[in-house]
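# Observations on the three-dimensional arrangement
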Amino acid sequence: MGRKVTLAACTLNQWAMDFDGNLKRILRSIEIAKQKGASYRLGPELEICGYGCNDHFHESDTCLHSWQVLVELLKAPVTQDIICDVGMPVMHKNVRYNCRVLFLNRKILLIKPKTDMANDGNYRELRWFTAWGKPHTIEDYYLPRMVSKVTEQLTVPIGDAVLATRDTCIGSEVCEGLWTANSPHIAMCLDGVEILTNGSGSHHQLRKGHTVVDLIKSCTMKCGGIYVYSNMRGCDGERVYYYGGSTIAVNGEIILRGEEFSLQDVEVVVSTVDLEDVRSYRAQVSSTSQQASRSKPFPRVQVDFSLSSLNNDLPSMDPVKSRMYSPEEEIALGPACWMWDYLRRSGQGGFFVALSGGIDSSATACIVASMCRIVCKAISDKNYQVLSDVRKIVNDSSYTPRDPKELASRLLVTCYMGTRNSSIETYTRAEQLAAQIGSHHFAVTIDQTVQSSVDVFTHATGKTPNFKAHGGTWRENLALQNIQARSRMVLSYLFAQLSLWSGNRDGSLLVLGTSNVDECLRGYLTKYDCSSADINPIGGISKTDLRRFIVYAIKEFGFTALEGILEAPPTAELEPLTNGKLTQTDEVDMGMTYDELSIYGRMRKNAHCGPFSMFNKLVHDWADKFTPQEVADKVKHFFRSYSINRHKMTTLTPSYHAESYSPDDNRFDLRQFLYNVKWTWQFRCIDEEVKRLEVEQATSLNKPENVTAADIHQSAEDGSKTNQIQIEVTPADGQSTTSGGHSTGEASTDLDGVESVTPSDSSRASPRSRGKQKAGGPRSPQKRGATTDQGPYGKRPRRHADHNENGNNSNGGAKTASPIRKLGRWLKDKITP
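Since this is a predicted model, take the numbers as computed values, not measurements.

### Here's the deal with unusual backbone geometry
One non-glycine residue with positive phi stands out, namely R207, at about 70°. Tracing the sequence through the fold places R207 in the loop between β10 (195-200) and α6 (209-223). Under the relative-accessibility criterion, R207 is labelled partly exposed at 36%.

### Re the sheet that holds strand β15 (residues 253-257)
Taken in spatial order, the seven strands make up an open sheet running β15-β14-β11-β10-β9-β8-β17, and their pairing is mixed. Sheet topology places β15 and β17 (300-302) at the edges, where each strand pairs with a single neighbour. Strand-to-strand twist of the sheet, defined as the mean angle between neighbouring strand axes without regard to direction, takes the value 20°. In terms of strand pairing, strand β8 (residues 162-164) meets strand β9 (residues 169-173) through two bridges, oriented antiparallel. Paired with A164 across the strands is C169, a residue of β9. Its contacts with the sheet put α6 on β10, β11 (226-231), β14 (247-250) and β15, and the angle it makes with β15 is roughly 130°.

### Focus: the environment of I48
Relative to the helices and strands, I48 resides in the loop between β2 (40-42) and α2 (60-75). Judged by its relative accessible area of 0%, I48 is buried. Linking I48 and L23, residues 25 residues apart in sequence, is a C-alpha distance of 6.7 Å.

### Considering empty space enclosed by the protein
Here the structure, examined in full by the defined rule, presents seven cavities of 30 Å³ or more. Of the volumes computed, that of the second largest cavity is approximately 70 Å³. Lining the second largest cavity are N122, R239, G539, G540, L652, S655, Y656, H657, S662, P663, D664 and F668. Grouping the amino acids of the lining of the second largest cavity by side-chain chemistry returns four nonpolar, six polar and two charged.

### Observations concerning the packing of helix α9 (residues 327-346) against helix α11 (residues 384-394)
Between α9 and α11, the least distance of the axes is 10 Å, while the angle of their chain directions is 55°. Between α9 and α11, the angle is such that the two are oblique. The crossing of α9 and α11 is left-handed. Contacts between α9 and α11 involve W340, L343 and R344 from the former and Q385, V386, D389, V390 and I393 from the latter. Of the residues contributing to the contact of α9 with α11, the split by class is five nonpolar, one polar and two charged.

### Quick word on the nonpolar core
Formed by 82 residues in total, the largest nonpolar core has its most connected members in F351 and M371. The dominant element in this core, judged by the number of residues it contributes, is helix α10 (residues 359-380), at 14 residues. Apart from the residues lying within four places of it in its own chain, the contact partners of M371 are A336, M339, W340, L343, F351 and L411. Among the nonpolar cores identified, the runner-up in size contains 52 residues, and I108, W128, W132 and V266 belong to it.

### A look at helix α17 (residues 543-557)
Helical geometry note: an α-helix holds 3.6 residues per turn, so side chains three or four residues apart project in the same direction. With 15 residues, α17 extends 20 Å between its outermost C-alpha atoms, agreeing within 8% with the 21 Å of an ideal straight helix rising 1.5 Å per residue. Listed as buried for α17 are K543, D545, L546, F549, I550, Y552, A553, I554 and F557. Tucked into the core, α17 has its buried residues touching α9, α10, α16 (517-522), α18 (562-567), α19 (586-590) and α20 (594-605).

### Here's the deal with the layout of surface pockets
As a volume, the largest pocket reaches approximately 1200 Å³. Along the wall of the largest pocket there are 42 residues; nearest its centre are S262, L263, Q264, A378 and N383. Only α1 (19-35), β16 (266-274), α9, α10, α11 and α17 provide two or more residues apiece to the lining of the largest pocket. Its residues assigned to classes, the lining of the largest pocket shows 14 nonpolar, eight polar and 20 charged.

Reading guide: rules and limits
Residues numbered from 1 in each chain as written. Predicted model: local features only at pLDDT ≥ 70, side-chain atom pairs only at ≥ 80, totals over all residues. Heavy atoms only, no water. Helix = DSSP H or I, 4+ residues; strand = E, 2+ residues; numbered from the N terminus. Buried < 20%, exposed > 50% of the residue type's maximum accessible area, 1.4 Å probe, protein only. Pairing = 2+ DSSP bridges. Axes fitted to C-alpha atoms, helices over the stretch in contact; angles between N-to-C directions. Contact = heavy atoms within 4.5 Å. 1 Å grid on protein atoms, 1.4 Å probe; cavity = no way out; pocket = protein on both sides within 12 Å on 5 of 7 lines; lining within 4 Å. Points joined across faces, edges and corners; volume = space filled by probe spheres on them. Nonpolar A, V, L, I, M, F, W, Y, C, P; charged D, E, K, R; others polar. Parallel < 35°, antiparallel > 145°, perpendicular 65-115°, else oblique. Left-handed = near helix turned anticlockwise from the far one by under 90°. Core = buried A, V, L, I, M, F, W, Y, C linked by side-chain atoms within 4.5 Å. Expected span 1.5 Å × (residues − 1).

Encoded structure:
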C-alpha cells in the first residue's frame, strides 16, 4: 500500500471575465503540476471566471461561459490521470452557488458548494451566492448537455461530501471556511479526512500576512492532517490585490509556501507528504479519537484512483519558516504589483505623478520606482511574460530594460506645479527625487492658470477675492486655495494625455492620486484636486506607515533626496509665504495630528465606535495627556470634520486597499454621505459623561488623603509657578473646520456642497490644540493674564497648575489646584474657629 502522495497548490493571476486568459493559465498550472509528479491539483476560488466578477454573477452568461471553459478542461489531454479541483459558479435548482468542481479523466467526481460565505469588508458574497445549507447531504445535479457529451454522465453529486480514493480521503472547504468559528475542516478531520483543501481568494492588507499561516498551522496542529491552500494573485480588476502565498502544511508545520508578492502569472508549489505521519499523529491523541468515534459521517464519493505511488522512496519535505514582511516592505511590494497589473491590462503607456516635494506624492513616485525594480528583477529571472508586457507598454518590440532607473524614464512622468505660494525647498526636493528615480520630469508654474480662473469670477461678479493674509475673509481664503488644487488636477490630465505625444510616442499615461487614508478619513483634501486620478496606490495607507516607507526607500533604494522630505513638516503650500517661509502646516489645518487620525480611524471602523463609545475609550487611554473635556473636544472635532466631508468619499479615486480602517465608500465602508453634523444626541451624551467625570475627579482631589509628601515636595520646588497666570491669544476669526487646496495632491480640504457651516461655526470646530503647536505648528503670542485654550466651542480660560520642561501645561490645562493649595485650604478649614 502506498503512503506518500504528491500534491500541488496553484497561484494564478486571473482576471475577472477573461475566460480565454483564465483557461490558459489553468491549463498551464495543471501541466506544471503533472511535470512535478503531482496526482492532485488545487486552484484558487472561482478561478474559471475570476473572483471579482461581482454583479456579472447575476448574468446567466457568466455561468454558461464557465461551463464552456470546464468542457475545454475536461477534453484537454493534460488533465488526464490527475484529480483537478477548480472553482466556478454553479446554478442548482435556480440557486447560485460558489463551487469547487473536482474531476478526473473526463468525469466529474463532485460539485462541492461553499458553506461559509464571506460577507464583510470588501466581500459581498451573499449578494451573488447562497451558502449550502444542508450539512452532510448530497443531491443529484443534472449536467448541461454540452458537458454530458464529454463526460457521458447525466447527473453528478452536489453537496457536502468528501472524496474517498483507494488510499486516502479528501475534503474541501472554500476560503472563508478556514476563518470561521466552526470551520468545516474540524468535522472532516473527525470523520477521517486526511487531506484538507482550500481554494481561496484572500486579498492583501497590511499586517495580515501572518494570519493565514497561523490559521493553517493551528488547524493542522489541533486536528492533524495535510492542508493544501491555494490563493489568487494580482489585480483581477478591483481595488484589492490578491497576494498569493499558496501553502502546504502537515500536522501544524508549514512545509511549503509560495511567493506572496510576485509578477508570475502561474506559480505551482508541489510537495510530497507521508499519509502515515497524519495517521500516527491523530491516533496518539486519545481525546481526538474519542470525539472522532462519535462524529457524524460525511457522504463519501468513491473514486477508483490512488493518489499515492507504490514508490515509497519519494523524499518528503521538512518544515520551513514562513517569511513575514514588515509594513514598509509590504508597501514597497503590494501596491507596486497591483499597479503593474493595472498598467499592463489597461493598455496605457505609463504613469503621471504630480510631484510636490511632500511625503505623499514622493511615496507614490517611490512605489512606481519599486515597481520598476520588481519588473527588472522578473526579467532577469527569465520571466518572458513580463518582458513581453514591457515591450507592449513602451511600444518597442526589441526593448529590454537595462536597469530600474532607465525603465522609470520610460514609464514615469513627474511634474512640479508651483505657484507663488510654493517654496524653493519643495521645488528642489521634487527635482532631486525625480533625478534619483529616473522619471521624465517637468517643473512649471501655474499662477497664470489660477489667475485666469479668478479673473473669470471677478469679471462676472465685480468682486476680487483675497487671501486672509491679505485682508480677505475665511471664505475667500478657502476658495483661493481650492482653485490652485483643482487647477493642478486639470493640468495633470493634460500632461498625462499629451506627454507621450510630445515625445513622439503612442498612448497616454495613467494619473496617480497622492492622498493617504488619513486625509481621506478626515476629508482633508479638495474635491477634484490631485486626489482625483485614475488610481491611487497610497489611498489605503496611513501617513505614519508612509513615513516608515520613506525611511525604507532611503535605505533600500538609495533615494537620499527623501531625507529632506522626511524632515519637513507636511504642508499644502496653498497660502502665501511669510518672508519666503511656510506658515501653513497640515496638522494645524486639520486640528489634529496624523497619529490621532489613525487612532480615530481604527476606533471608528475596526472597533465600530460612534462618538460616545470613542470618547469612553479615549478618556481612559489619554488620561495621562488630556482632561475629559479636552478628549471630548477632540472626539467632537473629529466626528464633525468627518461628517462634513464624508461626501468626498463618494468620488474617491479607486485606491489600493491596504488599511483596515479605509473610508472607501465604494463598498468597504458603507455609510451615508449627508450627516447632521451637529450630532446633537451623541454629543450631549458625551457632555453628560464629561460632567460626571469632572465631579468624580473633583471629589477625589479634594480628599486630604490624596495629598502626599511627594505632592508637597513637588509644589515646594515649583514655588511661585502655581500662582503664575498667562494668556495665549488666538486669531479673532478662529480656525476653520477645513482648509482648501493642495500643492500637488498632498493634504488639502474644503467644504464643497456644505453651505450650513459659517466661519464662526468653523472656529468652534477646529482647535489649534497645544499638541499640534508642540509638533511644529505656529504658537500664538502670549500676554499676562488668564490662559485660554482654543477648543471646538471657542476660547475658554484655564489656569496653569504647573509646567513641564517644554513650557506646556503638564496636566493638560485642567482647572485643579496644586497639592500645596489643597493642603492649605484643608488646614485652614480645620484650624479656623
